[in-house]
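Residues per chain, in single letters:
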Amino acid sequence: MVVGDVTTGTDVLVIGAGPAGYVAAIRAGQLDLDVTLVEKEAYGGTCLNHGCIPSKALITATDVAHDARNAEQMGIHADPAIDLAGMVSWKDDVVDQLTGGVEKLCKANGVNLMEGTATFADENTVRISHDGEGQGSETLEFEHAIVATGSRPIEIPNFSYGDEPILNSRQALSLDSVPDSLVVVGAGYIGMELASVFAKLGTDVTVVEMLDEILPGYDNDLKRPVKQHAKDLGIEFEFGYTAAEWHEREDGDGVRVIAEPAAAVAADGGAAAEETEEADSLDLDAEKVLVAVGRQPVSDTLDLAEAGVETNDKGFIETDSRARTNVDHIFAVGDVAGEPMLAHKGSMEGEVAAEVIAGEPSAIDYQAMPAVVFTAPEIATVGMSETDAEDTGFDTVIGKFPFRASGRALTTGESDGFVKIVAEEDEGYVLGASIVGPEASELVGELSLAIELGATLEDVASTIHAHPTLSESVMEAAENALGHAIHTLNR
Ligand SMILES: Cc1cc2nc3c(=O)[nH]c(=O)nc-3n(C[C@H](O)[C@H](O)[C@H](O)COP(=O)(O)OP(=O)(O)OC[C@H]3O[C@@H](n4cnc5c(N)ncnc54)[C@H](O)[C@@H]3O)c2cc1C
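Residues numbered from 1 in each chain as written. Predicted model: local features only at pLDDT ≥ 70, side-chain atom pairs only at ≥ 80, totals over all residues. Heavy atoms only, no water.

1. Remarks on helix α1 (residues 21-30)
Here's step 1: Most of α1 sits out of view: nine of its ten residues are buried.
Here's step 2: Considered for burial, the residues of α1 that qualify are G21, Y22, V23, A24, A25, I26, R27, A28 and G29.
Here's step 3: The elements touched by buried residues of α1 are β1 (7-15), β2 (35-39), α4 (84-108), β6 (137-147) and α10 (343-357).
Here's step 4: Residue D32 follows α1 closely and has a positive phi angle near 65°. (Buried < 20%, exposed > 50% of the residue type's maximum accessible area, 1.4 Å probe, protein only. Helix = DSSP H or I, 4+ residues; strand = E, 2+ residues; numbered from the N terminus. Contact = heavy atoms within 4.5 Å.)

Quick look at the structure:
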């Protein structure tokens, strides 16, 4: 169909159908607003198509193989064969179910769906261009707009994602064969999650990280079991190095990555390990290179200036607590509106933006927002760390429970890690929590709820938890903070 220069109108225009945009559109539809959602590529955005969902599907699948292979202590001896095509096809089925579901939900909530790329023409008009010969463009006028265009992987000098051996996370999640060897540049959460996936598939993985630790921003006691597990999987680390360049190997067998000693910046802001400052460059041979050094907002392709919307020096659109940009009737949500770039953060912002447009008194509150790293073991945090709480002026009390004392953790064969709760000393209000260990991603939900409800240590400790479950560890950590844990020694 050739689309001419038609002009149509909508009350609420949402640009981008990722977890921030489609949630905003559905919420706007529920609130009886006339809403149009424009997407240039695929419903569900990065999260459903190239991020959270495909990566978690592959983590689960490779865990099944890895766990089966390592279950001798449970009396199981297995050597599962991996059919990568089958695994990827299962992952694609999961993605298709979810993206199809998003489309159906949008339609069922009265959202008008448009395919195309939106750019601002002025502060009440966008142009929607349609790909393909003769597809043309159309003009759409709006009363309110919600920008939810997400983010893209950052490229580093000399490593172009257009070059065949160089991969970003999206390309790494769709490989049709398992590389024999892989250099992963960046030990943030995406680099660490995918390094584990490939190591479990049998790839020799080397992680190059410019800082002196994995997972910057997370406390050392949380990272320790993750790093140990990664080493047990055979993953090698080169800390204090940056990937500088690469070239094809002369024997045609893959590539050689040259890594140079990084400028002396440590993960904690101090000096990097001294020995790396003077170190020689490294030559690392690999079949593929995965670059996972972070993501940048997609704000530069929208002609935002035509609408008067400003970005900061990192390209993020700054917003207030109601998701409003500097232009009153234009909102920004999700990755494009700033860190942390997490799907649930974007969805919450999307709901708030829709509700504010509908005249409701909604505002964004990040206090009980969890963050999860799906490594083995998983890391999950919510609210304040001990240091945050002390810096904010709270007198704190800490409760901790190690999974090795949990009957359920032992029966799953995964007993590394702990639950740690940070509470305010006087009344015992729960301020934050961190968990490293089995199902941390699920357990953190209980502590998010505790913070959201203003629960105290006493509330958590006196809630009866089913036995034997991992969630008992949350109760025990609260009891430990109160000085009367049963299954661990009290501090
Ligand atoms: C490998 C990987 C794993 C991840 N794992 C997790 C995880 O476990 N948990 C978690 O919370 N987060 C995870 N994330 C991050 C998560 O994917 C993002 O935070 C989330 O997708 C952001 O949602 P969004 O709606 O802001 O943007 P996106 O999901 O990026 O969606 C933006 C959409 O806007 C569209 N778009 C852009 N420009 C235009 C335009 N001009 N016109 C029309 N459409 C446009 C894009 O095509 C895209 O569909 C992961 C990311 C990656 C890469």
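That covers the picture; the talk isn't over yet.
2. Points about the site of the ligand
Here's step 1: Taken together, 38 residues lie near the ligand, and E39, T46, K56, D335 and A343 sit nearest.
Here's step 2: A distance of 3.4 Å separates an oxygen atom of the ligand from a polar side-chain atom of H344.
Here's step 3: For the ligand, the accessible surface in isolation is 990 Å², of which the surrounding protein chains cover 96%.
Here's step 4: Elements that contribute at least two residues to the shell around the ligand include exactly β2, α2 (45-50), α3 (52-69), β4 (117-122), α6 (189-200) and α10.
Here's step 5: Split by residue class, the shell around the ligand holds 17 nonpolar, 15 polar and six charged.
Here's step 6: Mapping the shell around the ligand onto the domain boundaries places at least three of its residues in each of domain 1 (7-153 + 296-357) and domain 2 (166-293). (Near = heavy atom within 4 Å. Polar contact = N/O pair within 3.5 Å; in protein donor to acceptor, adjacent residues only side chain to side chain. Areas by Shrake-Rupley, 256 points an atom, 1.4 Å probe, with all protein chains shown as cover. Nonpolar A, V, L, I, M, F, W, Y, C, P; charged D, E, K, R; others polar. Domains from an automatic or database assignment.)

3. Observations regarding a negative patch on the surface
Here's step 1: Taken together, the side chains of D219, D388, E390, D391, D395, E425, D426 and E427 make up a negatively charged region of the molecular surface.
Here's step 2: When its relative accessible area of 31% is taken as the criterion, D219 is described as partly exposed. (Patch = residues over 30% accessible without salt bridge, like charges linked within 9 Å, V, L, I, M, F, W, Y side chains within 5 Å. Salt bridge = Lys/Arg side-chain N within 4 Å of Asp/Glu carboxyl O. Lys, Arg positive; Asp, Glu negative; His and termini not counted. Charge placed at Lys NZ, Arg CZ, Asp CG, Glu CD.)

4. Here's the deal with the sheet that holds strand β14 (residues 282-286)
Here's step 1: On the basis of which strands lie adjacent, the open sheet formed by three strands has the order β12-β13-β14 and antiparallel pairing. Only two strands of the sheet have a single partner each, and these edge strands are β12 (241-248) and β14. Strand after strand, the sheet turns through a mean of 30° between neighbouring axes, direction not considered.
Here's step 2: In this structure, strand β13 (residues 255-261) lies alongside β14, joined through five bridges in antiparallel fashion. Pairing of R256 across the sheet is with D285, part of β14. (Pairing = 2+ DSSP bridges. Axes fitted to C-alpha atoms, helices over the stretch in contact; angles between N-to-C directions.)

5. Some thoughts on the pairing of strand β22 (residues 430-437)
Here's step 1: Burial within β22 is extensive, with eight of its eight residues counted as buried.
Here's step 2: Sheet topology note: the strand β19 (residues 378-383)/β22 ladder contains six bridges and is antiparallel. Bridge pairing in β22 links G383 to G432.
Here's step 3: Here strand β21 (residues 418-424) pairs with β22 via six bridges, running antiparallel.

6. Let's talk about the domain arrangement of the chain
Here's step 1: By the assigned domains, the chain splits into domain 1 (7-153 + 296-357), domain 2 (166-293) and domain 3 (371-482).
Here's step 2: One C-alpha centre belongs to domain 1, the other to domain 2; they are set 28 Å apart.
Here's step 3: In this assembly, 20 residues from domain 1 lie in contact with 15 residues from domain 2.
Here's step 4: Carbon and sulfur atoms make up 64% of the surface buried where domain 1 meets domain 2, a total of about 1,400 Å² over both sides.
Here's step 5: At the boundary of domain 1 and domain 2, one finds three salt bridges.
Here's step 6: Of the charged contacts in the structure, one is a salt bridge between K56 and E193, with a shortest N-O distance of 2.8 Å.
Here's step 7: Where domain 1 packs against domain 2, one counts five residue pairs in polar contact (both at pLDDT 80 or more).
Here's step 8: The set of elements that each furnish at least two residues to the side of domain 1 that touches domain 2 consists of α3 and α4.
Here's step 9: The greatest single-element share of the side of domain 1 that touches domain 2, amounting to nine residues, is contributed by α3.
Here's step 10: Split into classes, the residues belonging to the side of domain 1 that touches domain 2 amount to ten nonpolar, five polar and five charged. (Buried area = accessible area lost by both parts, 1.4 Å probe.)

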